[in-house]
Amino acid sequence: MTTHPAFRVSWIAYACLFASGAASLVYELIWFRHLTLVFGASLYALSAVLCAFMMGLAGGAWAMGQVLTRADMEPGKLIRVYGLLEGLIGLYALCFPLGLEFLEKLYPLILPASGQVGLTVHLLEFFLSTLLMFPATLLMGATLPLVGCWATGNQTEKVFTQVSLLYGVNTFGAVFGCLFTQFFAIRLWGVQGATVFAIGLNVVVFVLCYCRPRIFYAVEPSQTETKKHKREKEADTEVSPAIGILVFIMFAYSGLASLSSEILWTRILVFPMGSTLYSFALILATFLLGIALGSLTANKLLGRSHRVLKFIGIEIAIGVFCIAILPVLANLTEWTSLADRYFYSLDSSPENILLIRSLFAFALMFLPTFGFGLLFPLANHIYSYRFEGVEKGVGKILGNTYSINTVGAVLGTILTPFVFIPFWGIRLSLYGIYAVLILFGVYVMARVREFRSATTVMTLGAVFFFLVLGKGYWVPNIETQKAGQGNFARLEINVPADRISLLDYKEGEYSTISVVEDKESRARTIYLDGFSTATVSSSFSGSTYMQAMGFVPMALHPAPKRVLVIGFGTGNTMGTASLFPGAEVHGVEIDKNVLEFSKWFSQWNHDVLNRANTKMYIQDGRTFLKWSKSAYDVIIMEPMSPLQAGVVNLYSKEFYELALSRLKEDGLLVQWLPLHLVGPEDARSITHTFRQVFPEFSVWNSFLTRIVMLVGSRNPVTLDKNHFETLMGNAKIKEIAEEMKVNSFLDFADFYIADGKRLSPFLEGAGEITDDSPLLEFSSVSLLPPLQWETDESFLNLLRYRLDQVPEVKGMPVGEQEVFKQDYAIRTAQRFGLFARRYHGPGENFFASGNYFAGLEALRVSFESQQTIHLRDAKWAD
């Protein structure tokens, strides 16, 4: 391919490349969202989607390299082609929903009738993801070789200087795209609005490139011959083609190492940073930022000589740093506790929490990712000089190096969750990856320096011996004796470490799981990636809410035969539901390793996995429900915290519509609403969204918890006293009821809070959660955990509608009804009295003296002037 005169690249060209990188990241994040709604958010589905995206990039880069080798295009035409590619990417993004719709029709055809998804289905998910995204990702991958060929004038001596700038600016655009999408675009404009924004960037680039290509550059006097002569005198010109091949292979391996590390570092950083959308956005942005800065500064930092040695040295340095930092991770549990103390303190603020989380990511990832950024322009330079030759053209050089590095990244994406972590754990996986990189680097260095064979063997032997000998220090074996020592098991704030006993621990493919026991209270807690998923104990309220989640809907339904429980946890909810006679209970859990830990809770979950009437499915809950052909009498929703990334898909309007379609005519759904994990506005949004879908809904909870249950159905739900007493004739069900202190029908009725129709004034103006507008992911509580008074305020604003309300009851003799109403009113007063005394609210003195009805009257007067309860008002002064 012909070279072209030298020219100066204008700022407009860099701006377009920045916009191109930003748009690509927006599409990646948005399309991941769309495809998880089809395939689910299981590890296999996520890996399939990510691999499909990167394979398209690799294929596009390689293909464009081949095209540019054969074609001869002047600079203006190259710019127009680049603009055309960007325009086609935007056009495809505009048509993406049509392809997604076709995929949704095709996907059910490959699912097995049993509902158990296996390897074959996951391979087909990869194929279908590739089929859908390949046209766009192919075009995305093709842009870098094309722009590189244009910016260098197809002169290989300019590869290092120009590619470092081009790749750096493009990656900076990706950083912007990541942060802008996750922090602002989706929150302000929704998923579709963010897509339109990215399409707009593509359109602007297309118009500028296609209509005004001359504004991208200015021709300067050629210095090709001078630079070529200088190039011939560089210190590393004598490196053989064989060394070029080794460097090429090492660059591919560094792609594997970088993506593997990103996955492994993310698995570490979720402990101090949490599993929210903001945390994952910061981790990805920090990873990309290091690469961008490394690439941008490569020309200034690395100079013009000994670039092969520098390439190898950087690879070895990355390996040394990543291994050297491993012992520091032994303090991760302590750091997490310190971060928790601040996050839950009165001095914290969203801005400071963002800063602290960013520092965690920066400290762990920045230096190695900066090194990875330095490698890309170096690899292209070495490949162009030592392996491919001038006649092959810059486009092919860039296409081949980018594609081989990306293929390595694909391998890392596959091997890390499915091989490395299950067999070696997180820290040993990092150690192994970088130990191999160091050994490989030392070998290539020996070849470059032309060591004798004996010297090479001795050097490699010494490094290998040191790495094997140092493994015990750098990466101690995973310990399961004590929380936080030799493991990432989490400790709660203000709980002494010696009070906690670590019962079990596993670094699994999907999450890190631990079970701990409090030696004093004997309470057991299961943690997933450091998040306290559930706690059980033999004391009252120790596991009441989980029992209530199973008991209440099963007792409300007249004859539940088919039951679905989404979210396993400790298995208590599913175990409770399985005790009801005639019930066939299906459970759905996204992480298969969670089931292995159910043995530690068998005392409470009734050994649910071994019961004849239960069946488990390892699948994403929404995906299972979407493609299942079963209809259920009862669906019980008990997922992770609503604010964790991706969990919002189980709280959206579209999900509730799906769930309603899977209920039988008289079926009902119960939704877990943990007020202590969400903010007041989040609670309003969840309840409002629930109300929009279910024709009938009511609010329930157990007396001593701030866990609320939303019960939705097509027909009104009525408490049946006769049915309740029949259930109490079953010894196992009665035992469960007594553990919850449900000893009478009144105790059961006390779970009832309010009919949903009465909540209309409170829910007015609340946001609606949809797939397009996932409000919960942008909650302020994701950054600043709710305080106790905020949780109580959320609960009180639901409880206020219980005042002067009695649930509809059937099967109760007329003579008992008045007594029941009076007793129920006393229970209502006792609930309000707790908060009136705590926050000095209306009727405080009456409640304290036991004059419940006078206290209720004081509340009535107060509520007449208060549309919403605010605990910081004078009437509820803390």
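Structure: above.
Residues numbered from 1 in each chain as written. Predicted model: local features only at pLDDT ≥ 70, side-chain atom pairs only at ≥ 80, totals over all residues. Heavy atoms only, no water.

Re empty space enclosed by the protein
Within this structure, the stated rule accounts for 3 cavities of 30 Å³ or more. Each pocket or cavity is described by its volume, and for the largest cavity that value is around 80 Å³. Considering the residues around the largest cavity, the lining is formed by Ala13, Tyr14, Leu17, Leu78, Ile79, Tyr82, Leu146, Val147, Trp150, Leu166 and Phe216. Sorting the residues of the lining of the largest cavity by element identifies helix H1 (11–39), helix H3 (75–106) and helix H4 (119–152) as the ones contributing at least two each. Taken together, the residues that form the lining of the largest cavity break down as 11 nonpolar, no polar and no charged. (1 Å grid on protein atoms, 1.4 Å probe; cavity = no way out; pocket = protein on both sides within 12 Å on 5 of 7 lines; lining within 4 Å. Points joined across faces, edges and corners; volume = space filled by probe spheres on them. Helix = DSSP H or I, 4+ residues; strand = E, 2+ residues; numbered from the N terminus. Nonpolar A, V, L, I, M, F, W, Y, C, P; charged D, E, K, R; others polar.)

Comments concerning the nonpolar core
Ranked by size, the top nonpolar core spans 170 residues in total, and within it Tyr27, Trp31, Phe39, Trp150, Phe216, Phe311 and Tyr434 carry the most contacts. Excluding its chain neighbours within four sequence positions, the residues that come into contact with phenylalanine 39 are Ala45, Val49, Leu103, Tyr107, Glu125, Leu128, Ser129, Gln619 and Thr623. (Core = buried A, V, L, I, M, F, W, Y, C linked by side-chain atoms within 4.5 Å. Buried < 20%, exposed > 50% of the residue type's maximum accessible area, 1.4 Å probe, protein only. Contact = heavy atoms within 4.5 Å.)

Some points on helix H22 (residues 731–739)
Each α-helix turn comprises 3.6 residues. Residues three or four places apart therefore point the same way. Among the residues of H22, Ile733, Ile736 and Ala737 are the ones counted as buried. The buried residues of H22 occupy an angular sector of 100° when the element is viewed end-on, so they sit on one face. Its side-chain oxygen placed 3.0 Å from the backbone nitrogen of lysine 732, asparagine 730 serves as the N-cap of H22. Within two residues after H22, lysine 741 carries a phi angle of roughly 65°, on the positive side. (Arc of directions from axis to C-beta. Polar contact = N/O pair within 3.5 Å; in protein donor to acceptor, adjacent residues only side chain to side chain.)

Points about the sheet that holds strand S6 (residues 531–536)
Sheet architecture is open: 4 strands sit in the order S3-S4-S5-S6, paired in antiparallel fashion. Strand pairing shows two members of the sheet lacking a second neighbour, strand S3 (500–507) and S6, which therefore form its edges. Recorded for the sheet is a direction-independent mean angle of 20° between the axes of neighbouring strands. Here strand S4 (residues 512–518) runs beside strand S5 (residues 524–528); their pairing, made up of 5 bridges, is antiparallel. What sits directly across from valine 515, in S5, is isoleucine 526. (Pairing = 2+ DSSP bridges. Axes fitted to C-alpha atoms, helices over the stretch in contact; angles between N-to-C directions.)

Overview of the pairing of strand S13 (residues 707–713)
Most of S13 sits inside the fold, with 7 of its 7 residues counted as buried. Along S13, one buried face is formed by Ile707, Met709, Val711 and Ser713 and the opposite face, lined by Val708, Leu710 and Gly712, is buried too. Direction of pairing for strand S11 (residues 663–674) relative to S13: antiparallel, over a ladder of 7 bridges. In the sheet register, tryptophan 672 faces S13, and the bridge partner there is methionine 709. Judged from the 6 bridges that link them, strand S12 (residues 696–701) and S13 form a sheet pairing that is antiparallel. When the bridges of S13 are listed, asparagine 701 appears paired with valine 708.

Some details on the packing of aromatic side chains
In total, this model carries 43 aromatic pairs according to the counting rule given. Here the aromatic rings of tyrosine 27 and tryptophan 31 are separated by 5.2 Å at their centres, their planes lie at 15°, and the arrangement is stacked. Residue tyrosine 27 and its partner tryptophan 31 are located together in helix H1, separated by 4 residues, close to a single helical turn. Comparing tyrosine 27 with tryptophan 31 shows no difference in burial state: the two are buried. (Phe/Tyr/Trp six-rings, centres within 6.5 Å; stacked < 30°, edge-to-face > 60°.)

A closer look at the side chain of threonine 525
Inspection of the secondary structure puts threonine 525 in strand S5. Here threonine 535 takes part through its side chain, which lies 2.8 Å from a polar atom of the side chain of threonine 525. Look past the residues within four positions of threonine 525 in its chain and what remains in contact with it is Ser514, Val515, Val516, Ser532, Ala534, Thr535 and Phe601.

With respect to the side chain of histidine 688
Relative to the elements of secondary structure, histidine 688 occurs in helix H20 (residues 680–693). Each residue touching histidine 688, except ones within four places of it in the same chain, is listed here: Leu763, Ala766, Gly767 and Glu768.

As for the environment of methionine 616
Position of methionine 616 among the secondary structure elements: in strand S9 (residues 614–618). Remark: the alpha-carbon pair of methionine 616 and glycine 65, spanning 551 residues in sequence, is separated by 49 Å. Aside from chain neighbours lying at most four places away, what touches methionine 616 is Gln116, Phe568, Met574, Gly587, Val588, Glu589, Leu595 and Leu609.

A closer look at helix H7 (residues 241–273)
Over its 33 residues, H7 runs 46 Å from end to end, which matches the ideal 48 Å to within 8%, given 1.5 Å per residue. Along H7, the sharpest kink reaches roughly 30°, centred on arginine 267. Burial within H7 is extensive, with 28 of its 33 residues counted as buried. Backbone geometry just after H7 places glycine 274 at a positive phi near 90°. (Expected span 1.5 Å × (residues − 1). Bend = angle between axes of the 7 residues up to and from the residue.)

Side note on the packing of H1 against helix H5 (residues 159–211)
Following both chains from N to C, one finds H1 and H5 inclined at 45°, their axes separated by 3 Å at the closest point. Considering their axes alone, H1 and H5 lie oblique with respect to each other. Of the residues belonging to the contact of H1 with H5, the class tally is 28 nonpolar, 12 polar and 1 charged. (Parallel < 35°, antiparallel > 145°, perpendicular 65-115°, else oblique.)

A few points about a nonpolar patch on the surface
A contiguous nonpolar surface patch, about 460 Å² in accessible area, is contributed by Leu84, Leu88, Leu91, Leu94 and Tyr210. For the nonpolar patch, the leading source of residues is H3, giving 4 residues. Position of leucine 91 relative to the elements: it lies in helix H3. (Patch = residues over 30% accessible without salt bridge, like charges linked within 9 Å, V, L, I, M, F, W, Y side chains within 5 Å. Areas by Shrake-Rupley, 256 points an atom, 1.4 Å probe, with all protein chains shown as cover. Salt bridge = Lys/Arg side-chain N within 4 Å of Asp/Glu carboxyl O.)

Some points on the packing of helix H14 (residues 544–556) against helix H21 (residues 721–728)
One can describe the packing of H14 onto H21 by two numbers: an axis separation of 10 Å at closest approach and a directional angle of 125°. Judged by the inter-axis angle, H14 sits oblique to H21. Each of Phe551, Met554 and Ala555 in H14 lies in contact with H21, whose residues at this interface are His723, Phe724, Leu727 and Met728. Tallied by class, the residues present in the contact of H14 with H21 amount to 6 nonpolar, 1 polar and no charged.

Considerations on the pairing of strand S7 (residues 562–566)
When a strand is regular, its side chains alternate between the sheet's two faces. In terms of burial, S7 is largely enclosed, as 4 of its 5 residues are buried. Taken together, the 5 bridges between S7 and strand S8 (residues 584–589) define a ladder with parallel strand orientation. Each residue of the ladder has a partner; that of leucine 564, found in S8, is histidine 586. In this fold, S7 hands off to helix H15 (residues 572–578), which returns the chain to S8; that crossover is right-handed. (Right-handed = clockwise from strand over helix to strand, strands pointing away.)

Observations regarding unusual backbone geometry
Even without being glycine, glutamate 450 reaches a positive phi, approximately 60°. As for its placement among the helices and strands, glutamate 450 is situated in the loop between helix H12 (394–448) and helix H13 (453–474).

Any functional reading would require information beyond the geometric quantities listed.
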